[in-house]
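Commentary on secondary and tertiary structure
Letter by letter, the chains look like this.
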Amino acid sequence: MSTEWGEKSTADLMSRYVSKEMGYGVPKEGWRICLAHEFKEKRKPFQAKDVSLSNVWEHIGLGIRYLKWWYKKTQVEKKAPFIDMFGAQPLRQIYGAPLGGIGGGTITRGWRGEFCRWQLNPGMYHYKTVTANQFTVCLRRGGQTVYQQVLSVERPPTLQGWNWGYCGEYAFYHALYPRAWTVYHLPGQNVTLTCRQISPVIPHDYQDSSLPVAVFVWDIENKNDYDLDVSIMFTMVNGSGHKDDKSGGHWNEPFHLEKEGEAVSGVLLHHCTTVNPYTLCIAAREQPDREVSHQTAFSPKGTCSSLWSDLITDGRLDSPTGSCPPTPRGEKVAAALAVGCSVSAQSCNTLEFCLAWDMPKITFGSREREHIRRYTRYFGTKGDASPSLSHYALTHYKQWEKSIEEWQRPILRDSSLPSWYKSALFNELYFVADGGSVWTELPEDADVSGSVRSEEGGLPAQPAVIKEYGRFAYLEGQEYRMYNTYDVHFYASFALIMLWPKLALSLQYDIAGSVVQQDPTERLHLMSGRYSPVKAKNVVPHDIGDPDDEPWQRVNAYLIHDTADWKDLNLKFVLQVYRDFHLTQDSQYLQDMWPICQAVMESEIKFDLDGDGLIENSGYADQTYDGWTVTGPSAYCGGLWLASLCVMCKMARLVDNEEKYQYYRDLLDRGSAAFDQLLWNDKYYNYDSSGRDLSNSVMSDQCAGHWFLRASGLGEGDYQAFPKEKIQSALKSVFDLNVMSFAGGQMGAVNGMRPEGVPDRSSVQSDEVWIGVVYGLAATMIHEGMRDEGLRTAEGCYRTVWERLGMAFQTPEAYCEKGIYRSLAYMRPLSVWAMQLALNTSQKDQTTSAQTGDIGSI
């Protein structure tokens, strides 16, 4: 992609910024946007009406079955469907970096400063901007207030007693997750405020990364020749904009906590719902030259002029003692915290705030059992941890920042990497926390083995890694509400295994335990119309459940396909097991997983219908391109099969089982020959081997099996499933056709392309771009020495999503060339971390080659 195009799209986001001020300590790299920016393109979500007529006819049965299921779910059971084709989230181009660590819930603060997306109840979202949740600045000179402004560009119909309408042309937002900066130049005041937002999302840290807290640090630059007194006021409603904010019984109280020589004070907002009650906390650190004051309770409706006057009078709040009475039904209550300091002429000073929330015990939608969140191991389960959490955050955030900077610095300083990539790599990581993530302790009575113990070819009841590091689950997407959707986790898992490997292994043990389970209950599957068992033995589940039901208890919530259609899940399990072992060198993990891998491979072999060593597909089994029918062996599933045989050979050698090595080696040799014979066309691997009109379509993800081999240190020599020259030819074909012949080469790789250079429109999803697949494809190219092509391929997706379509911090599953997108805030784009693994690996290979060359020359 041309450098000029990239620079233009980045500059466009900042084109309305009129100030010269660039803030205090804001990094160069990241995603930056002026608060006055407006995105020109307004896309619509994919809905049932967007299915083409040709595809409607093919899916009419599915449509009728889905409509019946949707009606029963929404109108009879009064529940939210886990995929709602009639109520997709509209695109709101407002989101910024989410607040909070991993697995304790999240609150998203938009890039214009609004608190606008809430996930406190696990896995369940609501998208409400709470108007009263704001920061306000008060400037005083010589004992008189000279300026007081809500730091928001909005002009809401409520709270008219406040000074709204800050000019967005004087401010910009900058995100480099897990931190973000908002720079406000105050027009006419010669003062610049930089608000730095910090969440404890720290690689290889399994304590602080679990904390439901965020810190806001305000750096105040006074460029005047006179001193100023500056106060920042933080206002927060007791609740999240949900209807239960008015359910009554909520109350606030001030608090003060002093320990270890540090004191914090603030207000606790007790949200007393029947299910999953919690406490919000706004707090500040007390210091000799800072004044902390509060207003325990105010009503966030009407003009609210009394609070405004309270601050404007002397830059502080009244600080009443005692708690406020519980709210009557129908009323809301909010609280305010102000911190003030003096800022000398031509100098800088700093104010600090913390936002924490404490929901230690959670139940999911079915309310069958209580789960304990991970952070309670350090802060208790009583629901009284908010003061301690805020104290800990305010006294440890500098160490968090040091750890974050040490982690990010080598990548940010690598001048060979383009700026957009650095932004993509860190900012896409938001989904680890904001993907409906839950991180819980393993209950004492839990048995993750599926009741098949190690001596019977199963697992320990409580594997050590889960006992020590807890259970982790995240959603397929904020709109596709299924936990640990395994075919998509295949792509996203790179972020976990590289940054929180213990969570990746914990998830794998949970999946492995479910493999040996079976549930013979017959259930209608919407795609096929067949009734079949919910869960077959030795089959990897599609997912582990819906947060509106009871995850971990009832696996495979997915209704679209039945388990027989998901041949790729077993293969993806085997490939991830070895990849994870390769990156962690955890020998106990390998020993535990080896029998499970054998069991799932045996369940696959029955699909080798003609005995040539290559499994065949039928129906909708290949990947998740709904409606893209596959007949016979295919490039995608066949490639995963061969790669799985390859890693089974490797694992057999590692566990000293020569008999199994020979067994899988024979299958691999025969399967590779059949794969080449049936699918190779001298340029790339055909989509499938049916010989139908569209079987020679170019699938962007045709080399996925080889990608995992390379990511696992295999793919060459004794552990090679695909000839190198054929992989490189296939990747070149994909680059030339799916990337460069699609949308001017500026939107990534389309899923399916015809060899004549037009998108394959034979299915609902074949003409989509899947961002996570594109990042994986780019990683494969980098592994194969096609670094420039890989970066250009991925750049198209980043520029489209983050700079053109306004989908920051809600990267979707898919978009088409024009008009629509599908499934906002999706798991798969975490695969951008596969690109980093590929870059690390290729760099290591180059270093090794250079060293070998040096030795040879001596």
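Since the structure is predicted, the reported quantities are computational estimates derived from the model, not experimental observations.

Let us now look at the overall build of the chain. Along the backbone of the chain there are 20 helices and 29 strands. Its C-alpha radius of gyration of 28 Å places the chain within 12% of the 29 Å reference for a compact globule of 858 residues. In the chain, which comprises 858 residues, the share counted as buried stands at 64%. In the chain, the share of contacts with a sequence separation of at least 24, taken over all contacts with a separation of at least 6, comes to 70%.

What follows is about the sheet that holds strand β5 (residues 115-119). In space, the three strands of this open sheet follow the order β3-β4-β5, with antiparallel pairing throughout. In the strand order of this sheet, the two ends are held by β3 (98-99) and β5, each with one partner.

Overall, the coordinates contain 41 salt bridges when judged by the stated rule. Glu 41 is paired through a salt bridge with Arg 804; the nearest N and O atoms lie 2.9 Å apart. In this pair, Glu 41 sits in the loop between β1 (31-34) and β2 (44-45) while Arg 804 sits in helix α19 (residues 787-804), placing the two residues 763 residues apart along the sequence. Of the charged contacts, one joins Asp 736 and Lys 732 as a salt bridge, the two residues approaching to 2.8 Å between their closest N and O atoms. One end of the pair is Asp 736 and the other is Lys 732, both in helix α17 (residues 724-739) and four residues apart, which spans about a single turn. Residue Asp 736 is classed as partly exposed on the basis of its relative accessible area of 32%.

Once that is clear, we can look at the nonpolar core. If you look at the biggest cluster of nonpolar residues, it comprises 282 residues, and the most contacted ones within it are Trp 31, Trp 218, Leu 355, Phe 573, Trp 833 and Met 835. A total of 14 residues in this core trace back to one element, the largest contributor, which is helix α14 (residues 635-654). Looking at which domains feed residues into this core, each of domain 1 (3-40 + 92-389) and domain 2 (442-846) supplies at least three. In this structure Leu 355 touches Leu 99, Ile 107, Phe 115, Pro 212, Val 213, Ala 214, Phe 216, Phe 234, Met 236, Leu 280, Cys 281 and Ile 282, once residues within four positions along its chain are discounted. Membership of the second largest hydrophobic core comes to five residues, among which are Val 51, Val 764, Cys 816 and Ile 820.

With that settled, the discussion passes to the UniProt feature "domain: Glycosyl-hydrolase family 116 N-terminal" (unreviewed entry) in the chain. According to UniProt, the positions carrying the feature "domain: Glycosyl-hydrolase family 116 N-terminal" (unreviewed entry) are residues 96-400. As a span, residues 96-400 carries 10% helix and 43% strand, and end to end its C-alpha atoms are 20 Å apart.

Right, let's get into the environment of Val 452. Its place among the elements puts Val 452 in the loop between β21 (438-440) and α9 (464-469). Filtering out sequence-adjacent residues up to four positions away, Val 452 remains in contact with Gly 457, Gly 458, Leu 459 and Val 516.

Turning our attention to the packing of helix α18 (residues 771-783) against α19. The interhelical angle for the contact between α18 and α19, taken along N-to-C directions, is 160°, at an axis separation of 7 Å. It follows that α18 is roughly antiparallel to α19 by the angle criterion. The way α18 lies across α19 gives a crossing that is left-handed. Along its contact with α18, which presents Ile 771, Val 774, Tyr 775, Leu 777, Ala 778, Met 781 and Ile 782, the element α19 presents Arg 787, Glu 789, Gly 790, Thr 793, Ala 794, Cys 797, Tyr 798 and Val 801.

On to unusual backbone geometry. Along the chain, Tyr 177 connects to Pro 178 via a cis peptide bond; the corresponding omega equals 15°. Tracing the sequence through the fold places Pro 178 in the loop between β8 (171-176) and β9 (179-186). One non-glycine residue, Asn 190, adopts positive backbone phi at about 60°.

How big an interface is tends to be stated in terms of the accessible area lost upon association of its parts. Domains assigned within the chain are domain 1 (3-40 + 92-389) and domain 2 (442-846). The C-alpha-based centres of domain 1 and domain 2 are spaced at 40 Å. The partner domain 2 presents 37 residues to the 38 residues of domain 1 that form the contact. The contact between domain 1 and domain 2 buries some 3200 Å² in all, and 56% of this surface belongs to carbon and sulfur atoms.

To continue, consider the sheet that holds β2. Pairing in this open sheet of four strands is mixed, and the strands run β2-β29-β28-β27 from one edge to the other. Both outer strands of the open sheet, β2 and β27 (769-770), are each paired with one neighbouring strand and no more. Pairing geometry for β2 and strand β29 (residues 820-822), over two bridges, is parallel. Looking at β29, one finds that Lys 44 is bridged to Ile 820.

What follows is about the environment of Met 753. With respect to the element layout, Met 753 can be found in strand β26 (residues 752-753). Classification of Met 753 by relative accessible area gives buried; the value is 0%. For the pair Met 753 and Gln 702, spaced 51 residues apart in the sequence, the C-alpha separation amounts to 12 Å. In this structure, Met 753 is in contact with Ser 697, Val 698, Leu 737, Asn 738, Ser 741, Phe 742, Val 758, Pro 759 and Asp 760, ignoring residues within four places of it in sequence.

Direction of pairing for strand β23 (residues 519-524) relative to strand β24 (residues 531-535): antiparallel, over a ladder of four bridges. Residue pairing for β24: Asp 519 is matched across the bridge by Lys 535. In this structure, the hairpin formed by β23 and β24 is closed by a connection of six residues, where Gly 529 is found at a positive phi of approximately 80°.

Another aspect to go through is helix α15 (residues 658-679). Since the α-helix turns once every 3.6 residues, residues separated by three or four places project in the same direction. A rise of 1.5 Å per residue sets the reference length of α15, with its 22 residues, at 32 Å; its end C-alpha atoms lie 31 Å apart and thus fit the reference within 8%. When α15 is considered as a whole, its buried residues turn out to be Tyr 661, Tyr 664, Arg 665, Leu 667, Leu 668, Gly 671, Ser 672, Ala 674, Phe 675 and Leu 679. Buried residues belonging to α15 abut α13 (587-605) and α14.

Before going further, it helps to spend a moment on the packing of helix α12 (residues 567-584) against α13. Describing two packed helices takes the angle between their axes plus the distance from one axis to the other. Across the interface, α12 lies against α13 with an axial gap of 10 Å and an inter-helix angle of 160°. Classed by the angle they form, the pair α12 and α13 counts as roughly antiparallel. Considering only the axes of α12 and α13, their crossing is left-handed. Across the interface between the two elements, Lys 567, Asn 570, Leu 571, Phe 573, Val 574, Gln 576, Val 577, Asp 580 and Phe 581 of α12 pack against Ser 587, Tyr 589, Leu 590, Met 593, Ile 596, Cys 597, Val 600, Met 601, Ser 603 and Glu 604 of α13. Of the residues belonging to the contact of α12 with α13, the class tally is 12 nonpolar, four polar and three charged.

So, about the packing of aromatic side chains. This structure, assessed with the given rule, holds 55 aromatic pairs. Between Phe 472 and Tyr 474, the ring centres sit 5.4 Å apart and the planes meet at 45°, which makes this aromatic pair tilted. Like Tyr 474, Phe 472 is buried. Between the aromatic rings of Tyr 578 and Phe 581, the centroid separation amounts to 6.0 Å while the plane-to-plane angle is 50°, which identifies the pairing as tilted. Separated by three residues within a single helix, Tyr 578 and Phe 581 lie in helix α12, roughly one turn from each other. Among the residues examined, Tyr 578 registers a relative accessible area of 4% and is labelled buried. Among the aromatic side chains, those forming a connected cluster through ring pairs are Trp 31, Tyr 173, Trp 420, Tyr 421, Tyr 430, Phe 431, Phe 472, Tyr 474, Tyr 798, Trp 802 and Phe 809. Lying over the aromatic face of Phe 494, Arg 579 brings its terminal NZ or CZ to 4.5 Å of the ring centre. Positioned above the aromatic ring of Tyr 661 is the side chain of Arg 653, whose terminal nitrogen or guanidinium carbon lies 3.6 Å from the ring centre.

Conventions used here
Residues numbered from 1 in each chain as written. Predicted model: local features only at pLDDT ≥ 70, side-chain atom pairs only at ≥ 80, totals over all residues. Heavy atoms only, no water. Helix = DSSP H or I, 4+ residues; strand = E, 2+ residues; numbered from the N terminus. Rg over C-alpha atoms; globule rule 2.2 N^0.38 Å. Buried < 20%, exposed > 50% of the residue type's maximum accessible area, 1.4 Å probe, protein only. Contact = heavy atoms within 4.5 Å. Pairing = 2+ DSSP bridges. Salt bridge = Lys/Arg side-chain N within 4 Å of Asp/Glu carboxyl O. Core = buried A, V, L, I, M, F, W, Y, C linked by side-chain atoms within 4.5 Å. Domains from an automatic or database assignment. UniProt positions renumbered as here; feature names shortened; annotations may be inferred. Axes fitted to C-alpha atoms, helices over the stretch in contact; angles between N-to-C directions. Parallel < 35°, antiparallel > 145°, perpendicular 65-115°, else oblique. Left-handed = near helix turned anticlockwise from the far one by under 90°. Buried area = accessible area lost by both parts, 1.4 Å probe. Expected span 1.5 Å × (residues − 1). Nonpolar A, V, L, I, M, F, W, Y, C, P; charged D, E, K, R; others polar. Phe/Tyr/Trp six-rings, centres within 6.5 Å; stacked < 30°, edge-to-face > 60°. Lys NZ or Arg CZ within 6 Å of the ring centre and 35° of its normal.

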